[in-house]
Amino acid sequence: MPQAMFVNKMAESKHRRFDVHIASKDEFQVFYDWLHPVSGRDLAITLGNMDAMLRISNYYQVQSLVDRCVGELRCAPPSAERLILSFNCGLTDLQAM
């Protein structure tokens, strides 16, 4: 997280909170758990959480998680939602599949 929002006179520094508009609370919690330096990388990226994790990790530019999600996405059943997600994430190589 950018520390500037908590140090400067932004609303986040006053309330010690920030809004997440790209994910549900549960989806963001899985993403946040994945960021844990000791146990986070043991969390599985599954068909059930892959779309949300790709969307969130792309938004926050966590490339190692994007790469893991893309690996799962290559094996996932295609859908219109995943095509749009791959487009929004700039994954042009997946759009041709």
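This is a predicted model, so every value here is computed, not measured.

Trainee: So, helix α4 (residues 50–59): which residues are in play, and what are the values?
Mentor: For α4, every residue scored as buried is listed here: M50, A52, M53, L54, I56 and S57. Looking at the packing, one finds that the buried side of α4 touches α3 (25–34), α5 (63–75) and α6 (80–88). After α4 finishes, the residue Q61 shows a positive phi value of roughly 60 degrees.

Trainee: Help me get a handle on the packing of α4 against α6, residues and values and all.
Mentor: Interhelical geometry of α4 versus α6 gives an angle of 15 degrees and a closest axis separation of 10 Å. The orientation of α4 relative to α6 falls into the category roughly parallel. Read as a crossing pair, α4 and α6 show a hand that is left-handed. When α4 is examined against α6, the residues M50, D51, L54, R55 and N58 are found in contact with a partner set consisting of R82, L85 and N88. Of the residues belonging to the contact of α4 with α6, the class tally is 3 nonpolar, 2 polar and 3 charged.

Trainee: Could you give an account of the nonpolar core, naming the residues involved and the relevant values?
Mentor: With 21 residues, the main nonpolar core has F31, I45, M53, L54, L65 and L91 as its most contacted residues. Listing elements by their share of this core, those giving two or more residues are α3, α4 and α5. Those residues within four positions of M53 in sequence are excluded, and the remaining contacts are E27, V30, F31, I45, L65 and C69.

Trainee: Explain the pattern of salt bridges residue by residue, including any values.
Mentor: Applying the stated criterion to the full structure yields 2 salt bridges. Across the pair E27 and R55 runs a salt bridge whose closest N-O atoms are separated by 3.0 Å. Of this pair, E27 sits in helix α3 while R55 sits in helix α4, and the two are 28 residues apart along the sequence. Given a relative accessible area of 28%, E27 falls into the partly exposed group. For R55, a relative accessible area of 30% gives the class partly exposed. One salt bridge connects R82 with D51, and the closest N-O pair in it is separated by 2.9 Å. With a gap of 31 residues between them, R82 in helix α6 and D51 in helix α4 connect regions that are remote in the sequence.

About the thresholds
Residues numbered from 1 in each chain as written. Predicted model: local features only at pLDDT ≥ 70, side-chain atom pairs only at ≥ 80, totals over all residues. Heavy atoms only, no water. Buried < 20%, exposed > 50% of the residue type's maximum accessible area, 1.4 Å probe, protein only. Helix = DSSP H or I, 4+ residues; strand = E, 2+ residues; numbered from the N terminus. Contact = heavy atoms within 4.5 Å. Axes fitted to C-alpha atoms, helices over the stretch in contact; angles between N-to-C directions. Parallel < 35°, antiparallel > 145°, perpendicular 65-115°, else oblique. Left-handed = near helix turned anticlockwise from the far one by under 90°. Nonpolar A, V, L, I, M, F, W, Y, C, P; charged D, E, K, R; others polar. Core = buried A, V, L, I, M, F, W, Y, C linked by side-chain atoms within 4.5 Å. Salt bridge = Lys/Arg side-chain N within 4 Å of Asp/Glu carboxyl O.

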